[in-house]
Amino acid sequence: MDIASLKAALPDIKLEDNPRIVQRKSRDFYWYSPVLKRQLEHITGDILAVPKSEAEVVQILGACFDNDVPVTVRGAGTGNYGQAMPLAGGLVLDVSAMTAVKHIGQGTVTAEPGAILAEIDKQTRPGGQELRLSPSTYTTASIGGFIAGGSGGVGSIHWGGLRDPGNIISLRLATMDGSEPTVITLEGADIAKANHAYGTTGVITEVTMPLAPAYDWSDILIAFDTLEGAVRFGEHLAGMDGLLLKNLCVLDEYCTPHLKRHQPYLPKGAAMVVVVAAPFAASDVVFLAEAAGGTVTLRTDTADAEAVAALPPAFELGWNHTTLRAMKTDPSITYLQVLYPPPGISEKVLQMAKTFGPEVPTHLEFVRFDGAVGCFGLPLVQFTTEERLDEVIAIHEAAGAPIFNPHRYTLEEGGMKQTDAVQLAFKHQADPKGLLNPGKMIAWDDPDFDYGKPYLFPTLTTA
Ligand SMILES: Cc1cc2nc3c(=O)[nH]c(=O)nc-3n(C[C@H](O)[C@H](O)[C@H](O)COP(=O)(O)OP(=O)(O)OC[C@H]3O[C@@H](n4cnc5c(N)ncnc54)[C@H](O)[C@@H]3O)c2cc1C
């Protein structure tokens, strides 16, 4: 890699090689995992580039190709598995200056990759529309980073995940196939070539996403005396087809003490169901909750406006914000990602809760999964040793609850993406020198690698 010659080739591009700034931009939320913290703490790039346009991205990729410089893309750097960390050094391509919302249509929005999700919605909401899906990092994450590194989140109870056809309409992808890189448009099954690929196959330079009707969503907190009551109600509510919900989360009594600002609404010892519902669905959620033995402790569409204004939105109690809030009060906490497939979601969840107790507090997110109610667990884990963490994983898997391991930085071992022959062939075409985010795709080095576990994102052959 020849950084001096790279700099000389890019006189008009905003570059930065101050080591402290480059290292700051070489990090994401990898420290969520004590394992990744140990493995990746020393990682840094050599130089940072901040393109303003697709044309500048192409110019940078061409110069990096010529000088054998690895390229790792960075959106907002909120990924949890070290996805945006340049394992082989080289150039960190920071797309945060590419934020334009280019077109809003009926049901669609087209934006540059660095656009922050909440900022996109600020522009679509006056027309009564909003993004279908967002991570709970809605106010900080970029749309390109969500597609390349995320999987779903707020909205997944209604719309499923980014893996589901229709939740991404098209992508423009700048590849690294030569001195003058090609930009291609991906649609349909081809979207899987860049979706959740950690930027290993190209740089997303434009996205077109579907929109949904926008509402002033109501946050509803419901307390149950037992975890069983909360879990069974959560599963029941998730299956109510007539209710428009945006998020549905269950938190046990060991999770709730970490949610500081909501304490007045979280009775000690209670298990909570946290619902985000369309305002016209809120009364139905309340009557169903009370019929199931729950007590509504907060409903923001009818509560005192001043009290509500002091609270974070309820979606920031869920997904990986639960983990973030817990780590703030107890830094020894980490987490896991569990799939509880139907049927028998509640039974499996309760079995795991009984097995581990306070060592692995229960946190569930209900979603639509392949047309049915599905459930992801993001349990907190009271971390002791890496060996015990592996044991906790093995016990879940033996009980029929697969783990997407957030303590691994590769596409395959995280259990999310299987890089099959089609994906690998595309990588060879798009990045023949293997310079895009090296080290993240095991199949590049070992085409026969088989993790032997279920994957969240279907193989390209399947797609
Ligand atoms: C508190 C917290 C809560 C979270 N909640 C969720 C959640 O609910 N759902 C969820 O899915 N994730 C969640 N995450 C993970 C992360 O926030 C999201 O996936 C987010 O969308 C990532 O966006 P980003 O802009 O920060 O991407 P980055 O972290 O910058 O990048 C993510 C990956 O995408 C690649 N990439 C970035 N931009 C591009 C591009 N333009 N072209 C090609 N590759 C690119 C990077 O190289 C990296 O591999 C959470 C994380 C935290 C810390």
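This text goes with the structure placed above it.
Please read these numbers as outputs of a predicted model, since none were measured by experiment.

Quick notes on the rules
- Residues numbered from 1 in each chain as written.
- Predicted model: local features only at pLDDT ≥ 70, side-chain atom pairs only at ≥ 80, totals over all residues.
- Pairing = 2+ DSSP bridges.
- Helix = DSSP H or I, 4+ residues; strand = E, 2+ residues; numbered from the N terminus.
- Buried ≥ 20, exposed ≤ 12 C-beta atoms within 10 Å, placed from the backbone.
- Arc of directions from axis to C-beta.
- Contact = placed C-beta atoms within 7 Å.
- Axes fitted to C-alpha atoms, helices over the stretch in contact; angles between N-to-C directions.

## Here's the deal with the sheet that holds strand β3 (residues 71-74)
What the four strands build is an open sheet, ordered β1-β2-β4-β3; its pairing is mixed. What marks the edges here is a single partner per strand, and that holds for β1 (15-16) and β3. When β3 meets strand β4 (residues 91-94), the two strands line up parallel, connected through four bridges. Across the sheet, Arg-74 pairs through a bridge with Asp-94, a residue of β4.

## A look at helix α14 (residues 421-430)
Along α14, the residues that are buried comprise Gln-423, Phe-426, Lys-427 and Ala-430. Across the axial projection of α14, the buried residues extend over an arc of 105°, all falling on one side. Pointing more than 90 degrees away from the buried face of α14 are the exposed residues Ala-421 and Ala-425. Its buried side turned inward, α14 meets α15 (442-445).

## Side note on unusual backbone geometry
Each neighbour pair has its own omega, and for Pro-342 with Pro-343 the value is -5°, a cis peptide bond. Look at Trp-319: it is not a glycine, yet its phi comes out positive at around 45°. Examined against the element boundaries, Trp-319 turns out to sit in helix α11 (residues 319-329). Overall, Trp-319 belongs to the buried group, with 25 C-beta atoms counted inside 10 Å. Unusually for a residue other than glycine, Asn-437 sits at a positive phi of about 45°. Topologically, Asn-437 is positioned in the loop between α14 and α15.

## Some details on the pairing of strand β6 (residues 108-111)
Covered by surrounding structure in β6 are Val-109 and Ala-111 only, the residues Thr-108 and Thr-110 on the alternate face being uncovered. Two elements, strand β5 (residues 101-105) and β6, share four bridges in a ladder whose sense is antiparallel. Within the sheet, the bridge partner assigned to Gly-105 lies in β6 and is Thr-108. Connecting β5 to the next strand, β6, in antiparallel fashion are two residues, including Gly-107 with a positive phi near 90°. Direction of pairing for β6 relative to strand β10 (residues 203-213): antiparallel, over a ladder of four bridges. Paired with Ala-111 across the bridge in β10 is Val-207.

## Quick word on the sheet that holds strand β11 (residues 218-224)
Read from one edge to the other, the open sheet built from seven strands follows the order β14-β11-β13-β12-β17-β18-β16, with strand pairing classed as antiparallel. Strand pairing shows two members of the sheet lacking a second neighbour, β14 (295-299) and β16 (338-340), which therefore form its edges. Each adjacent strand pair in this sheet contributes to an overall mean axis angle of 25°, direction not counted. Across six bridges, the pairing between strand β12 (residues 245-251) and strand β13 (residues 271-277) is antiparallel.

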